[in-house]
Amino acid sequence: MRKRFLILLIFTFISLLCSSTISFGALPPKQREIVYSLNVWDGKDYASPFYPANYDTIYVMADYQNVYSVKETLVYYWPISREYMADWDSLNKDIGETLEVLKGNEVIGTYKKVDYVFYYPKGYWGGDTRLYTGEVAKAKKKEYDNALNKYWKEVDAYYKAYNEYNKAVEKFYKNIQEGKPAGKIPKEPQQPKAPTFYVTDINKAYVFSLPAWTYTIRLKDKNGNIVPGTVKSLVAFSHRREGIGYNIIPESKWTYPEVADDATQIVYQYKEGVLYFQPFTEWEFNELQYNKLSNPQSTGRPDRWIWVHMKPVSKVKLNISMGENLIASIRERPYYVEQLSGSALGYTIKLLDRKENPYGMADFTGFKFSVPPTGDYKLGGVDKDGKIIENSERYIRPITTGDAKNIFIASFGALVVGLIIYILRRVGR
Amino acid sequence: MNSLAYRWHAIRAIIKREARSSFFGLGLYIAATIACFVASFIFNSYINTVQGNNIMVMTSPLNNPLFYAVIVAALYTAISSSTALSREKDKGTLEILFYGPVDYTSIILAEFLEDLVSFLIIMTLVTLYFVYTAITTNLGFSITYLYTIILAVFLAASMSSFGLWLSSLTTRIRTSVLLFILIMGGFLGIQFLEGYILTLKPENLSLSMIYIMGIVSNVLRIIKWASPFNYLTNGINAVALGSTSLYLENMIGSLIYTVVILTLTVYTLKWKGVKKP
Amino acid sequence: MIRTEHLYKSYENVEAIKDLNLFVEPGEIYGFLGPNGAGKTTTIMMILGIIKSTRGKVLIFDKDLYSDYFRIKRKIGVVSEIQYLYEDMTAYEYLSFFCDLYGVKNKEKKIEELLHRVNLYERKDDLLGHYSRGMQQKIGFVRALLMDPELLILDEPVSGLDPTGIRELRDLILEENKLGKTIFMSSHILSEVERISHRVGILNKGRLVAEDTMENIKKKLSSEVEIELEVEDFDVESQKKLESLPFVNSLVREDGKFIVRVKADKDYRNELVNFIASSGGHLNEIRRREMSLEDAFLTITEKNISLFSSEEVVE
């Protein structure tokens, strides 16, 4: 009896193991859903969130054009990243005819699909993305296509010219070897430059901007009926404050920069050391709203606010003062990191001198400040006209001690005072 | 002299007595020491952070340790006030006071103001410690320290008034202390619970859970108004934001809270009586 | 000085004080008596405003207490049965605090003077926690006298004191009364009350059943008088004849003496002297026995009598 039970137990265990193996290897189940797929402006660039059916609230930045698409796709839950994903490759069907926006019960906007492109003036990874719609979108696309065609033609011509060049070089060296007059060294043809800008294909979607408010959004089909599952809350939010924030790179740990976003923040340096400042314009957003803007499946606290860096501040100087005295005025410079040679671990950060090193690449640019071991310093941005940039001031203080023992001991000072008073009173009696 | 002048006279006499007792006792100094000791751990963590990372960016580094120091000082004030009336009633000395020109308002105001005086003495000692630390480490002082201290007085007022009300309800010191610890623990728990709920993702909850969470959230929002900790947290946020309107709003809220609770305490003491049980 | 008008105090279903109408005249010593649980302390607490009455009025110095609360309270000194003191203070500090509370001027001089009067000046810097019961009671008295009050309310003031202490405090009370202070004193020690009070009020089961001078109370209560006779050569027949006299209610022998109970309508001593002489007896001493306050008190409380009506109080 016991033997049979043991066999049954082992069999059950192995079955479970096999089934779990199967389940791990198996693809997660996919469900057909109507989802919102957006391209939303996040202050720096366009993000591409999608909203599965069980997400009821869409977040967009107010007063900016955003792109709305409503599609039918296959949605599945991906346990490894713990999020819902869309299988666009399997199903990516545009649905609906008209997108409506309501304020309360009143329809304040009715939108049809329009042509749109994204224009990247510095290439796909260069930032500064722009959205164009309608005829302008078509024009931009045509401009890009023309530039691309021109480039391919130039590439063609280049290859032909390069072939000729190779032949000319070969002949040149042969003449030299044979002692014949070679003439001038053949000139290598220049490689054509590819277009530095990029434009996406023309797509159709609903494109509009809204002032800050909480709206309702819904899709209607060509018969004017509301498409089920498309009614959602739409929160258009704005930033609360603007300011200047800093990325701060400490020389001793350059891969671990800090940020000083709030004007009330103080930068503490351990004793003396070098800091590199990178100023940015910044906006303050509600944490929940901003996090969900680019990823509706992320978290955030509705009672918290975060600073978001928008773009670097350029053409400024940073003034360092101690009290009322200006002690330094620093400019932005490029720097590179040089690893120490040999078996020693470590690196040094050096100024990239373009004259000495014209082909060198900077690892970062920044404003360098060597913090002395004592004192209290104020850093502030000044524009090209000498005007102080609002909200750009930060205080910098070196921490003068690394020994916390005295701080612990001093905390008993109150007790010492109390004991003295207590004893004096008893003695006095 | 009119009634107000007589009342103020009685208040002054009782404050003088109570303050002498506090000043020459050890409780005040032990509370200040605990406050400074707790703050020292936070200062130590700052130094370790700066040492380890070479850099630390922070708004008003004194505010966080000050927050905890204020909590300790305010708790001492509140525990002291939560036993003030019950101790006097238990010993019979409250009855003796009422033989004379002392009424309910004067005894409560006297205990309340004396608690504030004790709180200020503790905060003075704490401030001396903070000055020492700020100078030796170069963490530095900012004007926000003063704003936080001012706000802290209002918090202490709220805590003290609440403690006095509990003291007026009970006749035994032990009951007062237990009730105080229970309720204060509850308030702190409410703050943490609310913080936890805010981190939950509604998308991952079932409908019924969302509904329950909604109710709990609203109930907590109401109960929070009874918690004196709420005023300190919001006030410190206001200081960090640099928002004068929010700061004043909290101060006024705290003041209203204090006045309401003190008034309630007067009526409770009248109802319960002052005779030794 | 103190007047209560139809004063009532009820606790749930129990009426602790019923229709109390007492009156304390300025300058007198008023003894407030009653068995345990009669409501004496409750009455004092209502007079002082520490307990709120259910119905009725309390007037002190002809004013409602709450019409001029602080001024009236400053004129009252109170000594309770048990002194609840701040034991972490010295006697001097304690009295100094109460001087501050009552707004007493020249407090150092006042405290010194009063501590000398109660023979506690040498112990002024000792902690009150180290004081004996009697010393604490004296401190209570001193505290009550600091502000030179017009009215002294004493609740069992000599409780816990030895005979010397009792005498000292009795003298103190009489001295203060001579200075014009009105004294309202509740006490169990009837002999002391009898000794010093001008009038007494007797509280029984929450009702004031008597309020008058002791003489009048005794008169109202007594229907007979006891006369003590020390007689020699008084034979049994003569005793029987004496007992059968119309004005004699009873004759008993007690400790070698004859106790004759006669009607209280007149003084029958002369008639007794004549009878004994005519019987051949030798009278050594004749003494009229006065009814004590204790007797009166016990009569009232045990028989549940109210002297405001001739009938027994119906509960």
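Note that the coordinates shown come from a computational prediction; the quantities given were computed from them, not determined experimentally. (Residues numbered from 1 in each chain as written. Chains lettered and ligands numbered in written order. Predicted model: local features only at pLDDT ≥ 70, side-chain atom pairs only at ≥ 80, totals over all residues.)

### Section: the pairing of strand E6 (residues 83-94) of chain A
Using the following cut-off: Paired strands, in this sense, are two strands between which DSSP finds at least two bridges. Segments assigned H or I by DSSP are reported as helices when at least four residues long, segments assigned E as strands when at least two residues long, and all are numbered from the N terminus.
Judged from the eight bridges that link them, strand E5 (residues 66-78) of chain A and E6(A) form a sheet pairing that is antiparallel. The residue bridging Tyr77(A) from the neighbouring strand is Tyr84(A), located in E6(A).

### Considering the nonpolar core
For clarity, the cut-off: The nonpolar core is taken to be a set of buried Ala, Val, Leu, Ile, Met, Phe, Trp, Tyr and Cys residues joined by way of C-beta atoms within 7 Å. Counting other C-beta atoms within 10 Å of a residue's C-beta gives its exposure: the residue is buried at 20 or more, exposed at 12 or fewer, and partly exposed in between, where C-beta atoms are placed from the backbone. Once C-beta atoms have been placed from the backbone, residue pairs whose C-beta atoms lie within 7 Å are recorded as contacts.
Ranked by internal contacts, the top residues of the largest apolar core, which has 161 residues, are Ala32(B), Ala35(B), Ala73(B), Ile122(B), Val126(B), Leu155(B) and Ile153(C). Not counting chain neighbours up to four residues away, the residues in contact with Ile122(B) comprise Leu28(B), Ala31(B), Ala32(B), Ala35(B), Ala73(B) and Tyr76(B). Formed by 42 residues, the second largest nonpolar core is a distinct cluster that contains Ile34(A), Val60(A), Tyr68(A) and Ala205(A).

### A short note on the sheet that holds strand E26 (residues 394-399) of chain A
Here is the rule: Comment: axis = line fitted to C-alpha atoms, over the contacting stretch for helices; angle = value between 0 and 180 degrees taken between N-to-C directions.
Read from one edge of the open sheet, six strands run E21(A)-E20(A)-E25(A)-E26(A)-E17(A)-E1(B), paired in mixed fashion. Both outer strands of the open sheet, strand E21 (325-330) of chain A together with strand E1 (55-59) of chain B, are each paired with one neighbouring strand and no more. On average, adjacent strands in this sheet sit at an angle of 25° to one another, irrespective of strand direction. Judged from the five bridges that link them, strand E20 (residues 317-322) of chain A and strand E25 (residues 377-382) of chain A form a sheet pairing that is antiparallel. Across the sheet, Asn319(A) pairs through a bridge with Gly380(A), a residue of E25(A). Contacts from helix H2 (residues 27-53) of chain B reach strand E17 (265-270) and E26 of chain A together with E1 of chain B within the one sheet, and its direction differs from that of E1(B) by about 140°.

### Here we look at the packing of helix H5 (residues 104-137) of chain B against helix H10 (residues 244-272) of chain B
Residues and elements named next belong to chain B. Rules: Angular relationships are summarised with four words: roughly parallel below 35 degrees, roughly antiparallel beyond 145, roughly perpendicular across 65 to 115, and oblique for the angles in between. With the far helix as reference, a near helix turned anticlockwise by less than a right angle produces a left-handed crossing, and one turned clockwise produces a right-handed crossing. Residues are grouped as follows: Ala, Val, Leu, Ile, Met, Phe, Trp, Tyr, Cys and Pro are nonpolar; Asp, Glu, Lys and Arg are charged; every other residue, Gly included, is polar.
Remark: H5 packs on H10, axes separated minimally by 9 Å, with the N-to-C direction vectors making an angle of 130°. Relative to H10, H5 is oriented oblique. In this structure, the crossing between H5 and H10 has a hand that is right-handed. In this structure, H5 contributes Tyr104, Thr105, Ile108 and Phe112 to the contact, and H10 contributes Leu262, Thr265, Val266, Leu269 and Lys270. A class-by-class count of the residues in the contact of H5 with H10 yields six nonpolar, two polar and one charged.

### Some details on the domain arrangement of chain C
Let me state the cut-off plainly: These domain limits were set by an automatic method or by a database of domain assignments.
Under the domain assignment used here, chain C contains domain 1 (2-218) and domain 2 (223-289). A separation of 45 Å is found between the C-alpha centroids of domain 1 of chain C and domain 2 of chain C.

### Quick word on the interface of chain B and chain A
Across the contact, 37 residues belong to chain B and 46 residues belong to chain A. No other element matches H2(B), which puts 14 residues into the side of chain B that touches chain A. Counted by class, the side of chain B that touches chain A contains 20 nonpolar, 15 polar and two charged residues. When E17(A) meets E1(B), the two strands line up antiparallel, connected through five bridges. Along E1(B), the bridge assignment pairs Gln269(A) with Ile55(B).

### As for the sheet that holds strand E7 (residues 76-79) of chain C
Sheet strands associate in pairs through backbone hydrogen bonding, adopting either a parallel or an antiparallel arrangement. All names here are of chain C. Taken in spatial order, the six strands make up an open sheet running E7-E8-E9-E4-E10-E11, and their pairing is mixed. Looking at strand neighbours, the two that pair on one side only are E7 and strand E11 (207-212), the edges of this open sheet. Averaged over all pairs of adjacent strands, the angle between their axes in this sheet comes to 15°, without regard to strand direction. Pairing of strand E8 (residues 151-155) with strand E9 (residues 182-186), which is carried by five bridges, proceeds in the parallel orientation. Within E9, the residue paired with Ile153 across the bridge is Phe184. Most of the contacts of helix H5 (residues 133-145) go to E7, to which it runs at about 170°, and overall it touches E7 and E8.

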